[in-house]
Amino acid sequence: MSPFSSFLPTAHCEQDAPSSLTGSALTSVRSAVEIPENELKRWRRVFDANAKVVINGEKFLNTENFVNAIVPRGDLTKVDRAQFAILFRVADASKRGLVSWEEFTVFETLLKRPDADYWIAFQYFDADNSGTITFDELKNVFTANVGSSSIPFDFDSDWVKLYLGKKNGTHVLGYNEFTQLMKGLQGERLRQSFKYLDADQDGFIKPDQFKQIILEIAGHKLSDAVVERLPTLCTLTPGGRITYSEVVAFHNVVREMDMVERIIREATAKSKDGRIDQSDFLNHSAARSRYSLFTPMEASIIFHFAGRGNGDKRLALVDFAQLLDPRWRAPREEYEGKTATSDTSFLNVLLQSTYNFAQGGIAGAFGASIVYPIDLGDIQNQRSTVVGQMLYKNSMDCAQKILRNEGLLGFYRGLGPQLIGVAPEKAIKLTVNDLVRGRAMDPETGRIKLGWELIAGGTAGGCQVVFTNPLEIVKIRLQIQGEAAKLEGAAPKGAVYIVRQLGLVGLYRGASACLLRDIPFSAIYFPAYSHLKKDVFQEGYNGKQLNFLETLGSAAIAGMPAAYLTTPAVDVVKTRLQVEARKGESHYKGLTDAFVKIYREEGFRALFKGGPARILRSSPQFGFTLLAYEYLHKYLPCPLQDKPPQVQTALTSRQEDMSRIRARNALKILLDVHGDFGRRATNFSPPLVRPSPSKLA
């Protein structure tokens, strides 16, 4: 038998689509012809890596090898890995228990179809590979995969007859008809199961009976925590029993779980406190769709299970995790336990801060090295003018003179002390900001109030000045020595000489100006950076992670208002106070005296001297610094650091190979028939039934 025979079956006319199978077959062939070479190489690599059976020098996949080749990696669904063996029967076109390279290529090509999930399910039920499904095939495949202890399904029901006719075997299902039957089959099973278990025909079933129904038709879509709480649905109404309306409502929630998740994620993201109640859910649902998607009963069921029996309180996204993630394993209890331990462990906090300090120092050195030439020009341009003489007209003139007098190396004069100073400067700022934000953050929502954001940034800026002011004044004096030595013939002096000359008190000259600069700068910068990532670039929205340019853009843009609003005027004054005045230059007694003299002697514009250069320096420096810091945190996270629990589902997981996703979805369609589908039919192989007379005619 040709490997293509299972995938390009005999065409049979349908009532509404006379040549749909022929067209689908031709489409499959055309798709196979158009396969890119690199895709074939990838398939070959996967096949060779998993094929362990060799016959006459030819490789084959057995059932286990085939499952290893197609199962999605890191799958976030509650599907038994062994159940993927169902798809092996579809791929094994020759029915010899092995899949060749040619058959694997055909199967992968089939998965490229946009309707591959339904097409594979059709192939599984089409036991005789005729291209249509008879009543006997439908019934026998269903029965072979469902145990005798399961709730029986009535194939003589009016619903089945609507698809297959009143006389068994007189009508067959084509592909399009089959897809519609499969879509409605779960609802019919739900109706029949409730009717079967409602022995008294009073419209009620017991909680354990409700659990049995849901486990059979949707158990693979629910976490163990929700499954254990299924009987508690009876508490929504008096009487301790469950109505058909509640069963249907719960099934609708499970069926529309992707939309439920999208609404919950969007509503909690827009909520001020990161929490929502039933009214918020229904309002956001109505705003997101043309018609109402969920009824009040369905909303109450969602909040009942997410709130663990208390559906009236406001819930965070993490509370819904047990309902949204089939593999949920109580992360909140684990997280709260870890938090309680870390709160009492000073050593743990110290180690985390030390780790962040080291990463902050590396990131700061990286950012400073990139923008140091701009910083040098900024410092030189902000220097005082000698009476009757202007040293530099603007930033461009300053750069030209440095290049002419000192060469390219002149732009990096003082870089060593700068890097030594930047490491603790940025490390302290980033570490303190993270420490305060972590303490003020809601552990469930990850939210922090704006007031605490400002306090965290301001505290970080204040702590920075205490440690970095001495290093900065040494750096500035080293930077201005180059041109002074060129003009005056003086020999440059080293950092040790400058420290001895200034003394302990002198090392903190201009500290008040630094505090006036760095506290508001950090208070503006860090909240702006956080809100740019979240509100502009939508970090965390449906699990989104920012790329390189978005992270760099957020960090760089946040530095612009911070630099413009706080740095120019105060930084000019700070530089004047920290520079050693030479003959003919103004002397300043303090911060206020410097402001007054600069304004009186040089005018208001002098307070913003070097402002554009400062913005050009601060923006890229903090941009590259925060970029490096974020990536260090991402790829080298602290093993002791506790983070708020994340809700990871198939909606937010990284997109995998589409063929693997479609293989998983095809299996889900079969599991919707029954949760044990495939477990009982491991050795099940066609033909299940003899061809009906209608097919032989």
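Conventions used here
- In this convention, every chain numbers its residues from 1, walking through the sequence in written order.
- Local features in a predicted model are, by the rule used here, given only for residues with pLDDT of at least 70; side-chain atom pairs are given and counted only at 80 or more, and totals for whole chains, interfaces and linings are based on all residues.
- Side-chain numbers here rest on the full set of heavy atoms in the structure, without hydrogens or water.
- Only DSSP runs of H or I covering at least 4 residues are called helices, and only runs of E covering at least 2 are called strands; the numbering of each starts at the N terminus.
- Relative accessibility decides the category of a residue: with a 1.4 Å probe and only protein chains considered, values under 20% of the type maximum give buried, values over 50% give exposed, and everything between is partly exposed.
- Note on contacts: a residue pair is in contact if any heavy atoms of the two residues lie within 4.5 Å.
- For every accessible area listed, the method is Shrake-Rupley and the probe measures 1.4 Å; residues are considered covered only by the protein chains on display.
- For our purposes a nonpolar core is just a set of buried Ala, Val, Leu, Ile, Met, Phe, Trp, Tyr and Cys residues, chained together by side-chain atoms within 4.5 Å.
- A side-chain nitrogen of Lys or Arg and a carboxyl oxygen of Asp or Glu constitute a salt bridge if their distance falls within 4 Å.
- A helix's residues, less one, multiplied by 1.5 Å, set its expected span.
- The bend at a residue is defined as the angle formed between two axes, one fitted to the seven residues ending at that residue and one fitted to the seven starting there.
- The predictor attaches a confidence to each residue, and that confidence, scored 0 to 100, is pLDDT.
- To obtain an axis, a line is fitted to C-alpha atoms, over the contacting stretch when the element is a helix, and the angle between two such axes runs from 0 to 180 degrees between their N-to-C directions.
- The cut-offs work like this: below 35 degrees is roughly parallel, past 145 is roughly antiparallel, 65 to 115 is roughly perpendicular, and the gaps in between are oblique.
- Crossing handedness is read from the near helix: turned anticlockwise from the far helix by less than a right angle, it gives a left-handed crossing, and turned clockwise, a right-handed one.
- Gly falls in the polar group here, along with every residue not listed as nonpolar (Ala, Val, Leu, Ile, Met, Phe, Trp, Tyr, Cys, Pro) or charged (Asp, Glu, Lys, Arg).
- Stacked, tilted and edge-to-face are the three classes assigned to paired rings of Phe, Tyr and Trp, where Trp is represented by its six-membered ring and a pair needs centres within 6.5 Å; plane angles under 30 degrees give stacked, over 60 edge-to-face, the rest tilted.
- When charges are counted, Lys and Arg contribute as positive and Asp and Glu as negative, whereas His and the chain ends are disregarded.
- Within 3.5 Å is the distance limit for a polar contact, defined as a pair of N or O atoms, with the added protein rule that one can donate a hydrogen and the other accept it, and that residues adjacent in sequence qualify only through two side-chain atoms.
- Directions pointing from the helix axis toward each C-beta atom define the arc.

Draft legend 1. Quick look at the overall build of the protein chain. Helix and strand counts for the protein chain stand at 28 helices and six strands. Looking at the protein chain as a whole, 52% of its 697 residues qualify as buried. Sequence separation of 24 or more characterises 74% of the internal contacts of the protein chain that already satisfy a separation of 6 or more. Total accessible area computed for the protein chain in this model is approximately 32,800 Å², and 58% of it derives from carbon and sulfur atoms.

Draft legend 2. Main features of the side chain of R189. Considering the arrangement of structural elements, one finds R189 in helix α9 (residues 175–197). Among the residues examined, R189 registers a relative accessible area of 1% and is labelled buried.

Draft legend 3. Examining the nonpolar core more closely. Counting residues in each nonpolar core, the largest one holds 55 residues, and the members touching the most others are F66, L87, F104, F125 and F677. Among the elements that line this core, the one with the most residues is helix α6 (residues 116–125), at seven residues. Every residue in contact with F66, bar those within four places of it in the chain, is listed here: L61, L87, F88, A91, V99, F104 and F107. Of all hydrophobic cores here, the second largest spans 44 residues; its members include V227, L233, I264 and A321.

Draft legend 4. The pattern of salt bridges, seen in detail. Going through the model one piece at a time under the given rule, you end up with 20 salt bridges. Linking E188 and R191 is a salt bridge whose minimum nitrogen-to-oxygen distance equals 2.8 Å. With E188 and R191 both in helix α9 and three residues apart, this pair spans about one turn of that helix. The exposure class of E188 is buried, given its relative accessible area of 6%.

Draft legend 5. Local environment of α9. Taking 1.5 Å of rise per residue, the 23 residues of α9 would be expected to cover 33 Å, and the 33 Å separating its terminal C-alpha atoms lies within 8% of that figure. Maximum bend of α9: about 40 degrees, positioned at G184.

Draft legend 6. Broad picture of the confidence of the model for the protein chain. Of all residues in the protein chain, 74% attain a pLDDT of 70 or more, and the chain-wide mean is 78. Note that pLDDT drops below 50 for residues 1–22; the model gives that stretch 48 contacts with residues more than four away or on any other chain. Contacts for the low-pLDDT stretch residues 682–697, under 50 throughout, to residues beyond four places or in other chains number 28 contacts.

Draft legend 7. Molecular detail of the environment of S353. Counting through the fold element by element, S353 comes out in helix α18 (residues 346–382). Residue S353 is classed as buried on the basis of its relative accessible area of 16%. For the pair S353 and L430, spaced 77 residues apart in sequence, the C-alpha separation works out to 9.8 Å. If near-sequence neighbours (up to four positions away) are discounted, S353 is found in contact with T431 and L435.

Draft legend 8. Inspection of the packing of helix α10 (residues 207–218) against helix α12 (residues 244–255) at higher detail. Interaxial distance between α10 and α12 falls to 12 Å at its minimum, and their mutual angle equals 30 degrees. In terms of orientation, α10 and α12 fall into the roughly parallel class. Relative to α12, α10 is oriented so that their crossing is right-handed. Listed contacts from α12 to F210, I214, I217 and A218 of α10 are V247, F250, H251 and V254. Taken together, the residues of the contact of α10 with α12 break down into seven nonpolar, one polar and no charged.

Draft legend 9. Looking closely at the packing of aromatic side chains. Taken as a whole and judged by the stated rule, the model has 29 aromatic pairs. A network of ring pairs unites the aromatic residues W119, F122, Y124, F125, Y175 and F178 as a single cluster.

Draft legend 10. Inspection of the side chain of K429 at higher detail. Looking at the secondary structure, you find K429 in helix α20 (residues 415–440). Here K429 sits buried without a salt bridge, and the closest side chain of opposite charge, D518, lies 4.9 Å off (N-O distance). A polar atom in the side chain of K429 sits 2.8 Å from the side chain of Q464. Ignoring sequence-local partners within four residues, the contact set of K429 consists of A460, Q464, F521, S522, F526 and F622.

Draft legend 11. Main features of unusual backbone geometry. One non-glycine residue, N129, lies in the positive phi region at around 55 degrees. In this fold, N129 is placed in the loop between α6 and α7 (135–145). The backbone phi angle of Q201 is positive, close to 55 degrees, even though this residue is not glycine.

Draft legend 12. Structural detail: helix α22 (residues 495–506). Taking 1.5 Å as the rise per residue, α22 with 12 residues should run 16 Å; its terminal C-alpha atoms sit only 14 Å apart, a clear shortfall. Looking only at α22, the buried set comprises I498, L502 and G506. Down the axis of α22, the buried side of the element spans an arc of 25 degrees, and every buried residue falls inside it. More than 90 degrees from the buried face of α22, the exposed residues found are V496, R500 and L504.

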